[in-house]
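Spelled out, the chains give:
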Amino acid sequence: MAVSMYRLSIPVFQRGLRVLSSYLDKALAHAQATGLPPEMLVHARLATDMLPLAGQIQRASDTSKNAIGRLAGVEVPRFIDCENSFAELQTRIQKTLAFFDSIAPEQMEGTEATEITLDFSTIKTTFSGDEYLVTFVLPNFFFHIATAHDILRQHGLDIGKTDYLGPFGE
């Protein structure tokens, strides 16, 4: 039995965004316990040429919801990248999850053959839907989750691989 495009995308994105949400909860608790200003963590970076924590969460949200929009041919909610607090980032995650809840598995049927063309300043290429999801979207999505994880670890959060993998059985 083939694995559906829905199963390869929506549940994966939901799980990853829930991991980011749990990271935000832990980061806020860490900031409160250590006296770190929460906004310092929201704007923390691994390197000066990398996006801050807020940017990592924004890109995970955008990467996942834009992929579903392209594949399913549906209108995607647009969010302005203006989150400056844990609460605002949590709201963005919840809005993204709500968008995924609006997508039925049937909307993703046959999308493995959908032609997806990306035309960014640094990338111009065309993929089949399954290539797009597996070789571009998922690695990009996980890059931003892993980078958020690393930013928080760098600032003293006690999170590890089991936090990154998230709860099982959901």
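In the block above lies the structure referred to throughout.
Residues numbered from 1 in each chain as written. Predicted model: local features only at pLDDT ≥ 70, side-chain atom pairs only at ≥ 80, totals over all residues. Heavy atoms only, no water.

Asks: What's the story with the side chain of Thr147 in this structure? I'm lost.
Replies: By the secondary structure assignment, Thr147 is in helix 5 (residues 129-154). In this view, Thr147 contacts Leu46, Met50 and Gln56; residues no more than four positions away in its chain are not counted. (Helix = DSSP H or I, 4+ residues; strand = E, 2+ residues; numbered from the N terminus. Contact = heavy atoms within 4.5 Å.)

Asks: Hey, could you run me through the packing of helix 1 (residues 5-34) against helix 5 in this one?
Replies: Each pair of packed helices can be summarised by the angle the axes make with each other and by the distance between the axes. At a minimum axis separation of 11 Å, helix 1 and helix 5 run at an interaxial angle of 10°. Looking at the two axes, helix 1 sits roughly parallel to helix 5. Contacts from Met5, Leu8, Ser9, Val12, Phe13, Gly16, Leu17, Val19, Leu20, Tyr23 and Ala27 of helix 1 reach helix 5 at Gly129, Asp130, Leu133, Val137, Leu138, Phe141, Phe142, Ile145, Ala148, His149 and Leu152. Residue composition of the contact of helix 1 with helix 5, grouped by class: 17 nonpolar, 4 polar and 1 charged. (Axes fitted to C-alpha atoms, helices over the stretch in contact; angles between N-to-C directions. Parallel < 35°, antiparallel > 145°, perpendicular 65-115°, else oblique. Nonpolar A, V, L, I, M, F, W, Y, C, P; charged D, E, K, R; others polar.)

Asks: What is the right way to read a nonpolar patch on the surface from this model?
Replies: Nonpolar side chains collect at one region of the surface, where Val3, Leu8 and Val134 lie side by side and expose about 230 Å² of accessible area between them. Within the element layout of this structure, Leu8 appears in helix 1. What makes Leu8 partly exposed here is its relative accessible area of 30%. (Patch = residues over 30% accessible without salt bridge, like charges linked within 9 Å, V, L, I, M, F, W, Y side chains within 5 Å. Areas by Shrake-Rupley, 256 points an atom, 1.4 Å probe, with all protein chains shown as cover. Salt bridge = Lys/Arg side-chain N within 4 Å of Asp/Glu carboxyl O. Buried < 20%, exposed > 50% of the residue type's maximum accessible area, 1.4 Å probe, protein only.)

Asks: Mind showing me how you'd approach a negative patch on the surface here?
Replies: Together, Glu106, Glu109, Glu112, Asp130 and Glu131 make up a negatively charged patch on the protein surface. Position of Asp130 relative to the elements: it lies in helix 5. The partly exposed category is assigned to Asp130, whose relative accessible area is 34%. (Lys, Arg positive; Asp, Glu negative; His and termini not counted. Charge placed at Lys NZ, Arg CZ, Asp CG, Glu CD.)

Asks: It is not clear to me how helix 3 (residues 53-72) should be interpreted in this structure. Could you clarify?
Replies: In an α-helix, one turn spans 3.6 residues; hence positions three or four apart end up facing the same way. The end-to-end C-alpha distance of helix 3, which contains 20 residues, comes to 29 Å, matching closely the 28 Å that a straight helix rising 1.5 Å per residue would cover. For helix 3, a buried count of 18 out of 20 residues is recorded, marking the element as mostly surrounded by other parts of the structure. Remark: Gly73 follows helix 3 within two positions and exhibits a positive phi of approximately 65°. (Expected span 1.5 Å × (residues − 1).)

Don't take any of this as a statement about function, it's just geometry.
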